[in-house]
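# Coordinates in review
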Amino acid sequence: MNNLYKFILVKLPVFIWLLLAFLAIGCSKDELPEEPEIIDPSTPENAFVLQPEDTRLYMVNPNATTETAALFYNLKILSKSNFIVGQHNAFHNLYNDAIGDSDIKKTTGSDPGLLGSDFLFITDDLNDGTPTNWFYKQEQRIKADAVEAYNKGMVNAFSWHLREPYEGVSFYTSEMTDFQKNNAFKSILPRGENHEYYKQKIEKVAEVAKRMVGADGKLVPFIFRPFHEFDGDWFWWGASYCTPQQFIALWQFTVDYLRDTLNVNNILFAFSPDNSFISASEYLERYPGDNYVDIIGMDNYGDLNNQGQTGVDNANNKLQIISHLAIEKVKIAALTETGYFVTPGSNSPIPNFYSTNLYNAITVNNTEIGYMMFWYNSKDTYCTPAPGLPDTADFIAFANKPKSVLQNKLPNMYALPN
């Protein structure tokens, strides 16, 4: 081995290492090149923002009408900064049976931003479609209310207290036999003994969906919320009476039949358990999949039933769970039912219930909730106070909060931006 080759093989590597060590000693920390900044994609500056042209990619129905796609888009965008205040049957269930405007309008000067309705009477076995039939009259009234709400720019949301299929009388399990409770749900699954009966009920939902037309000549979009509070045992579709797989199978069949067989294109589908979950995995136990859900919701009365700050925190924790899921899945989060029932002389108002407890439960920790809905008022009980009651001022303060949106402050929910 000659001397030059020996130098290259042995001495030169040592020299290079010594040179590198000298350079390292000579440089201070401040002189080292800065590492590139790693941007967290979850930060607000870089968070995903739904674009109008991509809206249908995240919806259950890619063939949804333009107005229905716009409703999805605008609910999603609005949820980043505000929430719509709604009430079930707001036009007709009024405290003290007071004729006239909705109780929310009597109190605040504006209707709610969302109207809740129900397919209960519409799909009742006793609705024979004749003009003198009481159930048919209810169908006509409910459809007219939904059209009126749409014409006012409001959002429509339909629940479905479907009666069990054997006798068509009850939806509460407390009024059913053990046989009905244990077999009703299974019987309407595909190949079940009451499956054809169930299909007829879905066909009635489709018929109504296709006949609600606004003053603009467009089909009225609406949120459809079947089988709600399914984690409880008070409805025959509750967790005690069907497995997660059975629940998911029926949900998927319902969506497929409405969307693909009956070609209904003006529905957003809302998934809403009650408040029994404490984790995302629990919430998702019966989740039928992103292709079958537009709105990730929750009903919650219990945490807000005079439970103090602990209840407020619990409600907010659960809303954080659904808010995070909605952000992750590009869906809309919602408090699909809530309220505190006041019966003067028996169940007193909670001080600052609306402006502090409820508002904080919905808004703290940056939750993104598209809407919330109070249950309806009645002759002697209310969820939203009429004028002149002890908590009327508190409700007005709630309605005037920065994130609360009633009908008079709604953007155009049925048009996509250009």
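Residues numbered from 1 in each chain as written. Predicted model: local features only at pLDDT ≥ 70, side-chain atom pairs only at ≥ 80, totals over all residues. Heavy atoms only, no water.

Inclusion rule: UniProt positions are given in the numbering used here, feature names are shortened, and annotations may be inferred rather than shown by experiment.
By the naming in an unreviewed UniProt entry, the protein chain goes by Glycosyl hydrolase and is assigned to Thalassobellus suaedae. Of the protein chain, the UniProt comment under Sequence similarities (unreviewed entry) reads exactly: "Belongs to the glycosyl hydrolase 26 family."

### Concerning the pairing of strand β6 (residues 295–300)
For clarity, the cut-off: Burial here depends on accessible area, computed with a 1.4 Å probe over protein chains only, as a share of the maximum for the residue type. Under 20% is buried, over 50% is exposed, and the range in between is partly exposed. Numbering of helices and strands runs from the N terminus; a helix is a DSSP stretch of H or I covering at least four residues, while a strand is a stretch of E covering at least two. Here, any two strands with at least 2 DSSP bridges between them count as paired. A clockwise course of the path from the first strand over the helix to the second, judged with the strands pointing away from the viewer, identifies a crossover as right-handed.
Across the six residues that make up β6, a large majority, six, are buried. Of the two faces of β6, the one carrying Ile295, Gly297 and Asp299 and the one carrying Ile296, Met298 and Asn300 are both buried. Pairing of strand β5 (residues 267–271) with β6, which is carried by two bridges, proceeds in the parallel orientation. Of the residues in β6, the one forming a bridge with phenylalanine 271 is isoleucine 296. Here β6 pairs with strand β7 (residues 332–338) via six bridges, running parallel. Bridge pairing links asparagine 300 to threonine 338 in β7. Running through helix α9 (residues 308–329), the crossover from β6 to the neighbouring parallel element β7 is right-handed.

### A closer look at the side chain of threonine 363
For clarity, the cut-off: Two N or O atoms count as a polar contact when they lie within 3.5 Å, although within protein this holds only if one can serve as hydrogen donor and the other as acceptor, and sequence-adjacent residues are included solely when both atoms are side-chain atoms. In this description, contact between two residues means that some pair of their heavy atoms is separated by no more than 4.5 Å.
Position of threonine 363 relative to the elements: it lies in helix α10 (residues 353–363). Since its relative accessible area comes to 11%, threonine 363 is described here as buried. In terms of polar contacts, threonine 363 uses its side chain to reach the backbone carbonyl oxygen of tyrosine 359, at 2.7 Å. Apart from residues lying up to four places away in sequence, threonine 363 is in contact with Phe83 and Lys403.

### A look at the packing of helix α6 (residues 195–211) against helix α7 (residues 244–261)
Angle between the axes and distance between the axes are the two parameters that describe a pair of packed helices. Worth spelling out the cut-off: Comment: axis = line fitted to C-alpha atoms, over the contacting stretch for helices; angle = value between 0 and 180 degrees taken between N-to-C directions. Note that the term roughly parallel is reserved for angles under 35 degrees, roughly antiparallel for angles over 145, roughly perpendicular for angles of 65 to 115, and oblique for everything else. In this scheme, a crossing is called left-handed if the near helix is turned counterclockwise away from the far one by less than a right angle; it is called right-handed if the turn is clockwise. Residue polarity follows a fixed list, in which Ala, Val, Leu, Ile, Met, Phe, Trp, Tyr, Cys and Pro are nonpolar, Asp, Glu, Lys and Arg are charged, and the others, Gly among them, are polar.
Packing of α6 against α7 leaves a shortest axis separation of 10 Å and a crossing angle of 50°. It follows from the interaxial angle that α6 and α7 lie oblique. For the element pair α6 and α7, the recorded crossing hand is right-handed. Here α6 contributes His195, Tyr198, Lys199, Ile202, Glu203, Val205 and Ala206 to the contact with α7, which in turn contributes Leu250, Phe253, Thr254, Tyr257 and Leu258. When its residues are assigned to classes, the contact of α6 with α7 shows eight nonpolar, two polar and two charged.

### What to know about the packing of α9 against α10
The interhelical angle for the contact between α9 and α10, taken along N-to-C directions, is 30°, at an axis separation of 7 Å. It follows that α9 is roughly parallel to α10 by the angle criterion. Of the two elements, α9 crosses α10, and the hand of that crossing is right-handed. In contact with Val312, Ala315, Asn316 and Leu319 of α9, α10 contributes Asn357, Asn360, Ala361 and Ile362. Residues belonging to the contact of α9 with α10 are distributed by class as follows: five nonpolar, three polar and no charged.

### Looking at the nonpolar core
Where we set the bar: Residues belong to one nonpolar core when they are buried, are Ala, Val, Leu, Ile, Met, Phe, Trp, Tyr or Cys, and are joined through side-chain atoms within 4.5 Å.
Formed by 114 residues in total, the largest nonpolar core has its most connected members in Leu258, Leu358 and Phe398. In contact with leucine 358, not counting residues within four places along its chain, are Leu304, Leu335, Thr338, Phe353, Met372, Phe374 and Phe398.

### Some remarks on the pattern of salt bridges
For clarity, the cut-off: Salt bridges are identified by distance alone: a Lys or Arg side-chain nitrogen within 4 Å of an Asp or Glu carboxyl oxygen.
In the structure shown here, the tally under the stated rule is 19 salt bridges. A salt bridge links arginine 259 to aspartate 260; the shortest N-O distance between them is 2.8 Å. Classification of arginine 259 as buried rests on a relative accessible area of 13%. Overall, the relative accessible area of 45% leaves aspartate 260 in the partly exposed class.

### As for the UniProt feature "active site" (unreviewed entry) in the protein chain
Under the feature "active site" (unreviewed entry), the UniProt entry names Glu229 and Glu337. In terms of the greatest pairwise C-alpha distance, the residues named above, spread along 109 residues, form a tight cluster of at most 9.7 Å across. Note that glutamate 229 resides in the loop between β4 (222–226) and α7. For glutamate 229, a relative accessible area of 8% corresponds to the buried category. Ignoring sequence-local partners within four residues, the contact set of glutamate 229 consists of Trp234, Phe235, Ser272, Pro273, Asp274, Asp299, Tyr301 and Glu337. Residue position: glutamate 337 is located in strand β7. The buried category is assigned to glutamate 337, whose relative accessible area is 4%. With near-sequence residues (within four places) excluded, glutamate 337 lies in contact with Arg225, His228, Glu229, Met298, Asp299, Asn300, Tyr301, Met373 and Trp375. In terms of polar contacts, glutamate 337 uses its side chain to reach the side chain of tyrosine 301, at 2.6 Å.

### Details of the packing of aromatic side chains
For any two aromatic rings, the description comes down to two numbers: the centre-to-centre distance and the angle of the planes. Formally: Pairing of aromatic rings covers Phe, Tyr and the six-membered ring of Trp, with a centre-to-centre limit of 6.5 Å; geometry is then stacked below 30 degrees between planes, edge-to-face above 60, and tilted otherwise. Two thresholds decide whether a charge sits over a ring: the Lys NZ or Arg CZ must be within 6 Å of the ring centre and within 35 degrees of the ring normal.
Tallied over the entire structure, the rule returns 48 aromatic pairs. Ring plane angle 40° and centroid distance 5.7 Å describe the contact between tryptophan 160 and phenylalanine 224, whose orientation is recorded as tilted. Taken together, the residues span a long stretch of sequence, with tryptophan 160 in strand β3 (residues 155–160) and phenylalanine 224 in strand β4 at a distance of 64 residues. Residue tryptophan 160 is classed as buried on the basis of its relative accessible area of 1%. The ring of tyrosine 359 has lysine 401 lying over it, and the distance from NZ or CZ to the ring centre is 5.2 Å.

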